[in-house]
Amino acid sequence: MHALISWRTVAAGAALFVALSAQAAPITGLFGTGLDGAGSPVPGAGTDANYTVLETGAQAIVRTGLPGTYFANSATSQWIWQQANGLPVNVTRTFRTTFDLTGFDASTAVINGLWGVDNIGLDILINGVSTGNALPGAVIGNFSSLHAFSISSGFVSGLNTLDFRVQDVGAVSAFRAELSGTARAVQGVPEPATPALVALALLAAVGAARRGQRR
């Protein structure tokens, strides 16, 4: 009886370990705009550590003197642009951030976020491929609030790029995004002394004990 109880207990523990190891974990290195490398807000006119303006090759800058119609900055994201004063205008700009999926199963990755732009959001691209997300029309609603988007395909193992293509048609401009994401860890052969191997060893021991009791 004791051996049977142990067998069931260990089997349940092993199943729980497998289930927990298959759960999605947060993707590290995903940051909203206007933050430093640790995810804290950068002062106005400071350099965004995580977003590059592809057309210039320089890091984006945190906006200053925001119009009152803009959705207010927060601890999780701020408005950025090529220059702190919102210039140049009447241009198209691409803001790129990168993140690493090494150790994750890229097919299970999902990114959810919010974005806003003055004035038009042309597209969001994952590794250069369009996701179909857009904020069309040069309307106040594109920067008076933030708009949800989700990406669940197009990811690759290792380094990934996420691009936001935006267009300005006004006197000043800005872009903003907030990001979060999850993915499952790659399920490989466990290293020695991991819980999975310990559970298997216990199962084998209990099985041997049960066979001994039958003799």
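Residues numbered from 1 in each chain as written. Predicted model: local features only at pLDDT ≥ 70, side-chain atom pairs only at ≥ 80, totals over all residues. Heavy atoms only, no water.

K.L.:
Let's hear about the nonpolar core: which residues, and what values?
P.N.:
With 32 residues, the main nonpolar core has F164 and F175 as its most contacted residues. A per-element tally of this core places strand β11 (residues 174-184) first, with four residues. The residues contacting F164, other than those within four sequence positions of it, are Y51, R93, T94, F95, W115, D123, I124, F149, F175, A177 and L179. If you look at the next biggest cluster of nonpolar residues, it comprises five residues, including Y70, W79, L146 and A174. (Core = buried A, V, L, I, M, F, W, Y, C linked by side-chain atoms within 4.5 Å. Buried < 20%, exposed > 50% of the residue type's maximum accessible area, 1.4 Å probe, protein only. Helix = DSSP H or I, 4+ residues; strand = E, 2+ residues; numbered from the N terminus. Contact = heavy atoms within 4.5 Å.)

K.L.:
Please provide a residue-by-residue account of unusual backbone geometry, values included.
P.N.:
Residue P88 follows L87 across a cis peptide bond; omega there is 0°. Even without a glycine there, the phi angle at A45 is positive, about 75°. Within the secondary structure, A45 sits in the loop between β1 (24-26) and β2 (47-53). Using a relative accessible area of 45% as the deciding quantity, one classes A45 as partly exposed. Located in the positive-phi region is N90, a residue other than glycine, with phi close to 55°. Along the polypeptide, N90 turns up in the loop between β4 (80-81) and β5 (92-100). What makes N90 exposed here is its relative accessible area of 53%.

K.L.:
Lay out the environment of G44 in plain terms, naming residues and giving numbers.
P.N.:
Note that G44 resides in the loop between β1 and β2. Owing to a relative accessible area of 49%, G44 belongs among the partly exposed residues under this scheme. In this structure the C-alpha to C-alpha distance between G44 and G65, which are 21 residues apart in sequence, comes to 8.8 Å. Contacts of G44, omitting those with residues within four sequence positions, involve V62, R63 and T64.

K.L.:
How would you sum up the pattern of salt bridges? Please name residues and give values.
P.N.:
Taken as a whole and judged by the stated rule, the model has two salt bridges. Note that D163 and R96 form a salt bridge whose closest N and O atoms lie 2.6 Å from each other. Taken together, the residues D163 in strand β10 (residues 159-167) and R96 in strand β5 connect sequence positions 67 residues apart. Its relative accessible area of 5% is what places D163 among the buried residues. (Salt bridge = Lys/Arg side-chain N within 4 Å of Asp/Glu carboxyl O.)

K.L.:
Can you tell me about the pairing of strand β3 (residues 58-62), naming the residues and giving the values?
P.N.:
Each regular strand carries side chains that alternate between the two faces of the sheet. The sheet contact formed by β2 and β3 spans three bridges and is antiparallel. Of the residues in β3, the one forming a bridge with T52 is Q59. Summarising the sheet, β3 and β4 pair through two bridges and their orientation is antiparallel. Bridged to V62 within β4 is I80. (Pairing = 2+ DSSP bridges.)

K.L.:
Lay out the side chain of Q82 in plain terms, naming residues and giving numbers.
P.N.:
Within the secondary structure layout, Q82 lies in the loop between β4 and β5. A distance of 2.6 Å separates polar atoms of two side chains, one belonging to Q82 and the other to R93. Residues contacting Q82, with those up to four places away along its chain left out, are V53, T56, I61, L87, P88, R93 and F95. (Polar contact = N/O pair within 3.5 Å; in protein donor to acceptor, adjacent residues only side chain to side chain.)

K.L.:
Just give me the short version of the side chain of D168, but keep the residues and values in it.
P.N.:
Take D168: it is sitting in the loop between β10 and β11. Buried and without a salt bridge, D168 has R63 as its closest oppositely charged side chain, separated by 8.1 Å. A polar contact is formed between the side chain of D168 and the backbone nitrogen of G170, at a distance of 3.1 Å. D168 has contacts with W81, V89, N90, V91, D118, N119 and S173, leaving out every residue within four places of it along the chain. (Lys, Arg positive; Asp, Glu negative; His and termini not counted.)

That is the geometry; function is a separate question.
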